[in-house]
Amino acid sequence: MYIDMGRRDRDSPNALLPGLLDMLVLQTLTLGPLHGYGIARHIEQTSGDRLRIEEGSLYPALQRLQLQGWVTSRWETSSTSRRARFYQLTRAGRQQLDTEASAFDEMLAAVAGVMQAS
Amino acid sequence: MKAIGKLWRRMMLALRSSQFDRELDEEMRQHLEWRTQDAIDAGMDEAEARRAAARRLGDTLRVREASRDVWGLTWLRDLDQDLRFGVRLLWRNPGFAAAAILSLGLGIGATAGVFMLADAALLRELPVSHPGDLSILEWRAEQWPKVSVWSAYRDAESGLRVGGSFSFGTFQHLAVDAAPKASVAAFAGIPKVSLVAANQPWTAETLVVSGGYFNTVGARPALGRLLVPSDDVPGAAPAVVVSHRLWQRAFGGDAGAIGQMVTVNGQSFTVVGVAERSFFGLRPGTWVDLYLPVTVGLGVDPDIRRRRSPFTSPGLWWFELVARRRPGVTSADLEKVLDRTFGQAIDPSVLQGLSTRPHVHLRPGGRGYAFLVRDARKPLSVLLALAGLVLLVACANVGNLLLARSSARRQEWAMRLALGATRARVARQHLAEGAALGVFGGLTGLLVAGPFVRSLVLLFSAGRDDRWYDVGFDWRVLAFGAGLSVVAGLVLGVMPVIRLLTSASPAPAHGFRSSGGGWRRRQGLSRPLVAVQIALSLAMLVASGLFVRSLHNLHAVRLGFNAEGVLLFDVDPVRGGYGGARRLELLNGIRRTLEGVPGVLNSTRSSMALVDGRRAADIIRIPGRPVTNVEDSVSDLLEVGPDFHAVLQVPILTGRAIGERDDAGAPLIAVVNEAFARMYFPGEVPVGRQVLVDYPRDSPPVTIVGVARDAKFASIREDTADPLICLPDAQRPRATGTVIAVRVSGEPAAARGAIVRALGRAYPSLPLSRMRTFEEQSGEQLATERLLSVLSSAFGFVALVLAAVGLYGAMAFSVTRRTAEIGIRTALGATRREVVTLILRDAARVIVPGLVVGVGLALAAVRVIRAQLFGLSPTDLPTIVAMVCVVAGVAFFAAYVPARRAARVDPTEALRAE
C-alpha cells in the first residue's frame, strides 16, 4: 500500500484517509526523538514493508506538525556521530495523537461493520 | 490561544528563514545518503542505490517549496521582494519620491499635530490611578433653584438647567451616605491668591479641597504627603500642597520646601507636600498651583471672609464634587444613592416656588472636566477637519502622480503580465509602493508634528499662564499617525490597482505605442482628482478668508469707549502691604503720583479691566419692588475710581460721573449704563432712584446719579450691552487686585518706563503686573481667533499649492500625450494663441467643475464654523468671490505653463516622433 500524503491540503479529496501520515508520524515519535529517515524506516519496518511512505510528503508533514506545535525539532549528533535533525513529540502532540487514534479506531470499526454486513 | 502560539512559531521561524532552506537541504541530503547506504548494505549496486533513493524522495525542490508553503514563507518572501521593489522604485525617481513623501508628511504631520493637541485637551485620561472609576456630580433641574451657584448653564438641547456645584452641607450628607459605594470629595476654585514663598511674591491658581480630595481623585505625591481628612478639621495646623510646577518655580525643586512656611493672602500655611509632576487638577488645559483644605483654606478668600458662615449657608452652591466608585459599583447604582440623599439634604428654602427639585446626574470622570473645555473644543475640531483636508489633498496629489506614472509604465506592466506575472502580484507591487510611501510619509509626518504642535500650543495659550497642555506623543497619537499612514498608503496603492484591474487585457503590442488620444480616456481617475483638489482648497481658503475677516472685524469693533492711548496695569495692594484702610490711601496716592509723570494725562482704576474676558455680576433689587425672577434681576458690576468715565471717555448721557468727592463718608451713589436704565426703569428717569446691590448682604441702598452710554464690558464679542452698574470703590471695601488705567499723550509704549520708575520710587514694595494696552489685551483674548486665521490660511495655502502642482502635472502630461495632435494642428496653420486656448479650454473642464463643487463645499462647511465668526455672514459674498478668483487664477496659471510649452511645439519634430 502506498500512502500519498504529499498534498498541502489535508482535506483534499484525492487523499485516502486524510491525516493518516500525521498520525503515523506522531505514533512513531512516541518511541522517542527520531530523525526524518528514521521515522520513514520505522513506519516501513513496523508495517512489514506494507506501508511505504511517499518520502516527498514526509518533510512538509513534519513542518506542518511543527507549525501546529505538536512536534519540536533540534539538531543533535546521531549514533553514527553525524549531526541530524531530531524530531520530538510535545505534550500537545501526544494529546493530538490520542484524539486522532481514537477517531481512527472508530472509523475502522465503522468501516469494518459496513464491510462485514454486506 | 492556539492561534497565538501558531503566530508566535511562525514569527520565530520567519526570523531565521534564511537557515530554513539550508537545514532542509542538509536533512534531505542525509536522508538520501542513509537510504543509499541501506540499499548498498542490502546488496545493491552503488549507482543503482543512489538513483533509487533519489526516486523515492522525489524532486527536492518541490519538497522544499511544499515545506516553505506550510509556514507561508513563500508569501513572505514575495512580500519582502515587493517591498524592496517598491522602495527601489521610489529610489529610482528621487524627485518624485521627495515630492510625494513631503506632501504626505505635511498632511500627516499637520493632522497628527492637531490631534495631539486635541488628545491632550479633550481625550486623554487624567494622570491618576484608575481614572475610569471617577464620576463627576452635577445636578439637572427644570427650574433654577434659588441659589448662588458657581458653575451652571442651560442645556440648549434638553432645556434643562445643569449645574456642576453644590452646597457644602449637601456635600457632607452625600459623602456620608455614599460612603459604602464611593468616596466623594469636594473642591472649589477661589480667586488667584497672593503667595509669598521663599520670600518671593507669586500669584497662584488655588483650589480649596475637602480632606479626602487627593485620595478620592487618586493623585500621588512627588514629595512629602498630600492632604488628608485630618488636615480639614477645625483647629488643624494649616497645611498646603503645592503643584510640581510651583515647587520648581518658587522653591527651585528643593526638597527642603517640605515644612517651610508660606503665606497665602497674608495667612500662614505649612507646605506638607508636592503633587506629582503630571497632576494639574481635574481640568485639562488649566493648572492649579495650590491646594488648601476647605476649613482653613476658605478663609483666605476675601469674598468669603466677608460672608457669614459659608459652610452652612444652604444657598451657596460653590463646591464641585467628584466621586470614586468602589469596585463593583456601577455609575447607575451610585447615582440612585446620591440622588436620594440629595433630595433629603437639599434645603427647602432654595426650592421655594419650584414645582420639581433638581436631580443628581453622574458624568464619567476619567477625563476630568474635559467636557467643559468648550472654548478649545470647537476650534480644535475645525483645525482637525482642516488638517484632514490638507492630508486628503496631499493624498490626491501623490495619487495623481502615481497614476500619471502608472500610465507611463503601462508598457512595463503589459510586459510583465505577458511574461507570466499574475495580476494579483502586479497589484501587490503597486500596493507595496503605496505602503512604502505611506511609511516614509508617516515618518516625515512625525518629524513635522513635533515642532508644529509646539507652535500650536504657543498660539493657543498666548499670554495666559494658567493655560497649559501636556502635549506629547502617547500611544494614541502614534496609533493615529500610523493609522493615517496606513490609510494613505493603501489609498495610494489601490488607485493604480483599480486602473490595472479595470483596464482591458493589456497586450504588449498595443502598449508600446502611446501617442494620440486625449487624456480623458487614458486617465479616468486623474481629472476628477484634480477637480477634487481644487474644490477642497477653495473650500479651505473660503474658511480661512472668513476667519481673517472676522479677526479684522474684531479688531475694528466699536467699543463704546476710547481704547487708544490707554495703558493698563494690575496692582495688588494686599500683597504690597496695603490692606484694609491703607488700600484707598495707596490708590489715591498712585493717582497723584501718576499726575506728576510726564506724558500722563489722567488716570483711574477699576476692579477689573474692560473687555478682559471677565465679568462680575450680582443681583439687583429696587426698593419696593419684589424680585420675581432672579434671572431678570442681575447686573454686571464694576467698582471704579474717580474719573473712570472721563479717562476711558465713556460719555455720560444724563446726570454726573463718579468723582473724587464720592468717598467713604459721602452718600452712596452709582452710575449705570443705558441697558441698566432700560431694564430696571423703562420709561422712567433713573437718576435719583435707589437700588440695592445684593452683595455684600444688607448693604444700604445706593442712589443713581448718572447714566452712561453703553460700552463693551466683558468681551469685545458682545452683541448687545448688558446692564452695568458702576460703584465708587471708595465706598466698597475690597482687598484683591485692582486695574489702573492711565491715559497718556502720544505713544503708550513711551510712557511705560516713566510710569514704572515713578511708582517704583514712590511704592517700592508694590508689585505691578501685566502692563498692557487694550490692543495687547485683546490680542490675548483673540488668541483663538488669530490661531484659526493663521492656521487656516496656512492650510489653505498649502492645499492650493498642492492643487496647482497637481493640475500642472496633469496638464503637462496631457500636453506630452497630445504632442502629435498639436503638431498636426500647427502644421495645418493653428496659431500659438489657438494652441494655448485649446489647452486652457481642456484645463477649464477640470477647473470650473472644481470651483463649483468648492463653492458648494464651502457653503456647507461654513455652517459649522458660524460660531467662530464675528461681524459677517458665513456666506459672505466678497470673501467667496475673492477666493474663487484666487483659486481660478492660480489654477489657470498652473495650466498656462504647459500650454505655452505646447504652443512652442515644432510641427516637424512632433510628426517625426510619430
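Summarised in this report is the structure supplied together with it. (Residues numbered from 1 in each chain as written. Chains lettered and ligands numbered in written order. Predicted model: local features only at pLDDT ≥ 70, side-chain atom pairs only at ≥ 80, totals over all residues. Heavy atoms only, no water.)

This part is about the packing of helix α7 (residues 168-178) of chain B against helix α12 (residues 331-345) of chain B. All names here are of chain B. Where α7 meets α12, the axes come as close as 9 Å, and the angle between the chain directions of the two elements is 140°. Compared by their axis directions, α7 and α12 come out oblique. For the pair α7 and α12, the crossing hand works out as right-handed. In this structure, α7 uses Thr170, His173, Leu174, Asp177 and Ala178 to contact α12, whose residues at the interface are Leu334, Val337, Leu338, Thr341, Phe342, Gln344 and Ala345. (Axes fitted to C-alpha atoms, helices over the stretch in contact; angles between N-to-C directions. Helix = DSSP H or I, 4+ residues; strand = E, 2+ residues; numbered from the N terminus. Parallel < 35°, antiparallel > 145°, perpendicular 65-115°, else oblique. Left-handed = near helix turned anticlockwise from the far one by under 90°. Contact = heavy atoms within 4.5 Å.)

This part covers the interface of chain A and chain B. Taken together, the contacts link 26 residues of chain A with 23 residues of chain B. Summing both sides of the interface, chain A and chain B together bury roughly 2600 Å²; the carbon and sulfur share of this comes to 51%. In terms of surface lost to chain B, no three residues of chain A exceed Tyr37, Tyr59 and Leu67 of chain A, which account for 28% of the buried area on that side. The interface formed by chain A and chain B holds seven salt bridges in total. Two residues, Glu44 of chain A and Arg35 of chain B, come together in a salt bridge whose shortest N-O distance is 3.0 Å. Counting across the interface, chain A meets chain B through 16 residue pairs in polar contact (both at pLDDT 80 or more). Here the residues of the side of chain A that touches chain B are counted per class, giving nine nonpolar, eight polar and nine charged. (Buried area = accessible area lost by both parts, 1.4 Å probe. Salt bridge = Lys/Arg side-chain N within 4 Å of Asp/Glu carboxyl O. Polar contact = N/O pair within 3.5 Å; in protein donor to acceptor, adjacent residues only side chain to side chain. Nonpolar A, V, L, I, M, F, W, Y, C, P; charged D, E, K, R; others polar.)

On to the environment of Leu807 of chain B. All names here are of chain B. In this fold, Leu807 is placed in helix α25 (residues 783-817). When the C-alpha atoms of Leu807 and Ala891 are compared, they prove to be 7.0 Å apart, with 84 residues separating the residues in sequence. Discounting chain neighbours no more than four positions away, the residues touching Leu807 are Val530, Val846, Ile847, Ala891, Ala894 and Ala895.

Next up on the list: the sheet that holds strand β4 (residues 71-77) of chain A. Within the open sheet, the three strands sit side by side as β2-β5-β4 (chain A). Their pairing is antiparallel. This sheet does not close on itself; its edge strands, each paired only once, are β2 (34-35) and β4 of chain A. Looking at chain direction, β4 of chain A and strand β5 (residues 83-89) of chain A are connected through seven bridges and run antiparallel. Bridge pairing links Ser73 of chain A to Tyr87 of chain A in β5 of chain A. Along the sheet, helix α3 (residues 55-68) of chain A makes contact with β4 and β5 of chain A, crossing β4 of chain A at roughly 120°. Contacts from helix α2 (residues 17-41) of chain B reach β2, β4 and β5 of chain A, with the element oriented near 100° to β5 of chain A. (Pairing = 2+ DSSP bridges.)

Turning our attention to unusual backbone geometry. All names here are of chain B. Phi is positive for His130, close to 45°, though the residue is something other than glycine. Structurally, His130 is set in the loop between α6 (94-123) and β1 (134-141). Residue class for His130 comes out exposed when judged on its relative accessible area of 58%. Phi at Asp643 takes a positive value of approximately 60°, unusual for a residue other than glycine. One can find Asp643 in the loop between β21 (634-640) and α21 (644-648). (Buried < 20%, exposed > 50% of the residue type's maximum accessible area, 1.4 Å probe, protein only.)

Formed by 69 residues in total, the largest nonpolar core has its most connected members in Leu383, Ile534, Phe795 and Leu807 of chain B. Elements supplying a minimum of two residues to this core: α6, α13 (374-408), α15 (423-460), α19 (526-555), α25, α27 (832-865) and α28 (877-903) of chain B. (Core = buried A, V, L, I, M, F, W, Y, C linked by side-chain atoms within 4.5 Å.)

The subject of this paragraph is the side chain of Thr773 of chain B. With respect to the helices, strands and loops of the structure, Thr773 of chain B is situated in strand β28 (residues 768-773). On the basis of relative accessibility, which here comes to 13%, the residue Thr773 of chain B falls in the buried class.

Rolled over the atoms, a probe as big as a water molecule pinpoints where empty space is left. Residue and element names in this part refer to chain B. By the definition in use, this model includes seven cavities of 30 Å³ or more. Considered as a void within the structure, the largest cavity measures approximately 120 Å³ in volume. Around the largest cavity, the lining is made up of 14 residues, and of these His645, Val650, Arg709, Ala711 and Leu724 lie nearest the centre. Of all the secondary structure elements, the ones that give two or more residues to the lining of the largest cavity are α21, β23 (669-673) and β26 (724-728). Ranked by the residues each element gives to the lining of the largest cavity, the list is headed by β23, at three residues. Residue classes in the lining of the largest cavity are distributed as 10 nonpolar, two polar and two charged. (1 Å grid on protein atoms, 1.4 Å probe; cavity = no way out; pocket = protein on both sides within 12 Å on 5 of 7 lines; lining within 4 Å. Points joined across faces, edges and corners; volume = space filled by probe spheres on them.)

Time to look at the pairing of strand β25 (residues 702-708) of chain B. Residues and elements named next belong to chain B. Where burial is concerned, most of β25 is hidden: six out of the seven residues are buried. Pairing analysis gives three bridges linking strand β22 (residues 652-655) to β25, with the strands arranged antiparallel. Across the sheet, Thr654 pairs through a bridge with Val707, a residue of β25. Two elements, β23 and β25, share five bridges in a ladder whose sense is parallel. Bridge pairing links Val672 to Val707 in β25. Of the pairings in the sheet, the one linking strand β24 (residues 690-693) to β25 comprises two bridges and is antiparallel in character.

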